[in-house]
Number of protein chains: 2
Amino acid sequence: MRRVTVLGATGSVGASALDLIRRNRDAFELVAVTANCQAAELAALAREFGAEIAVVGDESSLSDLHEAMAGSGIEAAGGPSALAEAAARPADLILAAIVGCAGLAPAMAAIEQGTTVALANKEALVSAGDVMTAAVAAHGATLLPVDSEHNAIHQCLAGNDLADVRSITLTASGGPFRDWPAERLAQATPAQAVRHPNWDMGAKISVDSATMFNKGLELIEAHHLFPIGHERLRIVVHPQSVIHSMVEYRDGSTLAQLGPSDMRVPIANVLAWPRRMDTPCAPLDLAALGELTFRAPDEVRFPATRLCREAVQAGGSAPAVLNAANEVAVAAFLAGQIPFTRIAAYVAEVLARSTLPAPKTLADVIAVDGQARAMAREVMEPV
Amino acid sequence: MRRVTVLGATGSVGASALDLIRRNRDAFELVAVTANCQAAELAALAREFGAEIAVVGDESSLSDLHEAMAGSGIEAAGGPSALAEAAARPADLILAAIVGCAGLAPAMAAIEQGTTVALANKEALVSAGDVMTAAVAAHGATLLPVDSEHNAIHQCLAGNDLADVRSITLTASGGPFRDWPAERLAQATPAQAVRHPNWDMGAKISVDSATMFNKGLELIEAHHLFPIGHERLRIVVHPQSVIHSMVEYRDGSTLAQLGPSDMRVPIANVLAWPRRMDTPCAPLDLAALGELTFRAPDEVRFPATRLCREAVQAGGSAPAVLNAANEVAVAAFLAGQIPFTRIAAYVAEVLARSTLPAPKTLADVIAVDGQARAMAREVMEPV
């Protein structure tokens, strides 16, 4: 029996994890489940899985939660500190799947208990990478990546030593505009950008896929998860998204992980690791697929990956600033305020202007994030 | 320092292994080196690497070896029993790279010392699979496969449990006739058959690649190396031979090993396992390759893989009979005595006629091999 806590149980990753646990009830025991404000949904999950405690991040939803949990014998709590306390409850595996900066403190609390933390929160490694990895080392925690690319790399590293790695290659679908000529990109609309070819995703991440910022942010995460030096991290455009990422070793062997575009595959991997568990995902049929294609990324049309690589190289606050500036720019693009090609241009400008210091604590990270957002809005002001 | 014995040091696999050891002298110490009759070449290797003993399988070459080793302080010996004694000398890793039935007894002696045996001899698993794997289990030896496909599978299994495997897929180049229509195959000449598209190989194995017997024999080997049930072993035609094989797990994850068509990659893998060592092989550049293609094998044009699967299913002496019959048929094809399409037909006929008992010992295997060859020649007699 593996004792599991799901932080962000009503989100997409949390729901997929609970669906897999539902299909393998004998192998898991729920410790804590959390949500932001969906009290009724959370209460139903807590009851179904017999969790010890259910927590809403939004304190104003606590009375709803109390009501929904009445008579269940399951504890209920609310607010940011209750979230962190839930994450600190002893568990064998904590799935940190709260999105955005709200997920940082709970993820940190999970790491500080020195257990295995399956990380699905992007900010934890993009904005707070140095702070988080220092905590992982200090507390002897184990980080398992949930993102399909990083989970692929994690799988390709099994039984191997990071010291033997020659390079790591992240695959990128290239997004919906991968075949568009440069001059057409300025006219790309939000509706066109959110039509991702392979994955069904939210608007923000779809735009990130279209600009290639998504891949650049993953490169920053990979830099923290697999510290082999950023110059050994590569990107290849692979429109079919069947190979999720690859690791090349010093002997010339490359290991790749392939699979369906279904988050249940990497989630099952972290839930069962180092073993495996069943998923209802269909087997891979390469003969039916027929071909897998590859091309080098075009950093002229899509400068995002270059900017992310420069942010990794610069270190300090640069990745957090880049992430915040990108979020503001993407929101402006989705609101029809700036053209597609200005997203990367604004991010570059904010990065160039920023003199924010390197964050040393989570509070610093959140402060840098806020200041960078303000700076980004200022830079875009004339729009 | 890893103490290594190379059985078959002057062959292609042995020479590649010694080339890699030459580039990493600090990590290896040679125990024994053996050859069939190339005494001068073997003596030079024994001196270069400071081996403890050099052995020729062909006893009549022993006087040449003694002469060539004079004053070196290195032991010299000759004959089949000297080969087996060399294989029985304590070593951390024994590379069993003697081709044909002559390699069986030395491979068995290596296994019987319960050490790690890197197996490059095909007959050991095709003809003597049950006998060899029983010895591996009895003596607690570890088998590492050298063949690029099986080594790929071995790499894809690292850190995983065979019980979690859903299927294993061997990739096949499809050989030089993969796009030929059925009616043209009967006219295929030996010269056309030995032109392998991706690997530089000998005539016999090139014909096996053209008939797909090569892949079928690998399926038999995979059945012994990775006992997941033959119905879970698959073959996919992949003309570029970049993916060397794949393992799919119960969660829907597939791990694949990719690399150049260079035997030094799998040889380096077994030499350094469970770590890695440098090779001079160029990095993989998927963007330069552009595409990888896949298709289902056509068992109407190429019935060999079906025959091999049936031999695995039948068990007993069937795989040894199939292997022997194929060798005789390929020799007849290369000599211009039978058409290409009769190779599989003759193998099927010999298999159907054979009532040979299951081999229980290596001597049984060698007897079955001889009887099956005689039977194959008889079946082909009218030709």
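Things to note about the overall build of chain A
Thought 1: Assigned secondary structure in chain A consists of 18 helices and twelve strands.
Thought 2: Expressed as lengths along the three principal axes of its C-alpha atoms, the size of chain A is roughly 65 × 50 × 40 Å.
Thought 3: Relative to its 383 residues, chain A shows a buried fraction of 58%.
Thought 4: The centroid of the 29 positive side-chain charges in chain A is displaced by 5 Å from the centroid of its 42 negative side-chain charges.

Points about the side chain of Ser253 of chain B
Thought 1: With respect to the secondary-structure elements, Ser253 of chain B resides in the loop between strand 10 (243-249) and strand 11 (254-258).
Thought 2: Of note is the side chain of Ser253 of chain B, whose polar atom sits 2.9 Å from the side chain of Gln155 of chain A.
Thought 3: With near-sequence residues (within four places) excluded, Ser253 of chain B lies in contact with Gln155, Gln257, Leu258, Val265 and Arg276 of chain A together with Val247 and Glu248 of chain B.

Re the pairing of strand 11 of chain B
Thought 1: Most of strand 11 of chain B sits inside the fold, with five of its five residues counted as buried.
Thought 2: Of the two faces of strand 11 of chain B, both are covered, the one formed by Thr254, Ala256 and Leu258 of chain B as well as the one formed by Leu255 and Gln257 of chain B.
Thought 3: By the bridge criterion, five bridges tie strand 11 (residues 254-258) of chain A to strand 11 of chain B in an arrangement that is antiparallel. Paired with Leu255 of chain A across the bridge in strand 11 of chain B is Gln257 of chain B.

Focus: the domain arrangement of chain A
Interfaces are often sized by the amount of accessible area the parts lose when they come together.
Residue and element names in this part refer to chain A.
Thought 1: Assigned domains of chain A: these are domain 1 (2-145), domain 2 (150-314) and domain 3 (315-383).
Thought 2: Computed from C-alpha atoms alone, the centre-to-centre distance between domain 1 and domain 3 is 28 Å.
Thought 3: Interface area for domain 1 against domain 3, summed over the two sides, is near 870 Å², with a carbon-plus-sulfur share of 66%.
Thought 4: Across the contact surface, domain 1 and domain 3 share zero salt bridges.
Thought 5: If you look at where domain 1 meets domain 3, you find one residue pair in polar contact (both at pLDDT 80 or more).
Thought 6: Elements with a minimum of two residues in the side of domain 1 that touches domain 3: helix 5 (104-112), helix 6 (123-126) and helix 7 (129-139).
Thought 7: Looking at the side of domain 1 that touches domain 3, the element that brings in the most residues is helix 5, giving three residues.

Some points on the confidence of the model for chain A
Note that predicted coordinates carrying low pLDDT should not be read in detail.
Thought 1: Summarising the model, chain A shows a mean pLDDT of 96, and 98% of its residues fall at 70 or more.
Thought 2: Here the predicted complex scores 0.96 on pTM and 0.96 on ipTM.

Describing the relation of the copies chain A and chain B
Thought 1: Take chain A, turn it by 180°, move it 0.0 Å along the axis, and it overlays chain B with an RMSD of 0.0 Å. Such a combination of turn and shift is consistent with a two-fold rotation axis.
Thought 2: In this assembly the copies share their binding face: 100% of the residues contributing to the interface of chain A also contribute to that of chain B.

Describing the packing of helix 5 (residues 104-112) of chain B against helix 7 (residues 129-139) of chain B
Residues and elements named next belong to chain B.
Thought 1: Taken N-terminus to C-terminus, the directions of helix 5 and helix 7 make an angle of 20°; their axes are 9 Å apart at the nearest point. Between helix 5 and helix 7, the angle falls in the class roughly parallel. At the point where helix 5 passes helix 7, the crossing takes the right-handed sense. Side by side, helix 5 and helix 7 meet where Leu104, Ala107, Met108, Ile111 and Glu112 of the first sit next to Val131, Met132, Ala135, Val136 and His139 of the second.
Thought 2: Partitioning the contact of helix 5 with helix 7 into residue classes produces eight nonpolar, one polar and one charged.

Conventions adopted
- Residues numbered from 1 in each chain as written.
- Chains lettered and ligands numbered in written order.
- Predicted model: local features only at pLDDT ≥ 70, side-chain atom pairs only at ≥ 80, totals over all residues.
- Heavy atoms only, no water.
- Helix = DSSP H or I, 4+ residues; strand = E, 2+ residues; numbered from the N terminus.
- Buried < 20%, exposed > 50% of the residue type's maximum accessible area, 1.4 Å probe, protein only.
- Lys, Arg positive; Asp, Glu negative; His and termini not counted.
- Charge placed at Lys NZ, Arg CZ, Asp CG, Glu CD.
- Polar contact = N/O pair within 3.5 Å; in protein donor to acceptor, adjacent residues only side chain to side chain.
- Contact = heavy atoms within 4.5 Å.
- Pairing = 2+ DSSP bridges.
- Domains from an automatic or database assignment.
- Buried area = accessible area lost by both parts, 1.4 Å probe.
- Salt bridge = Lys/Arg side-chain N within 4 Å of Asp/Glu carboxyl O.
- pLDDT = per-residue confidence, 0-100.
- Least-squares fit on C-alpha atoms with pLDDT ≥ 70 in both.
- Axes fitted to C-alpha atoms, helices over the stretch in contact; angles between N-to-C directions.
- Parallel < 35°, antiparallel > 145°, perpendicular 65-115°, else oblique.
- Left-handed = near helix turned anticlockwise from the far one by under 90°.
- Nonpolar A, V, L, I, M, F, W, Y, C, P; charged D, E, K, R; others polar.

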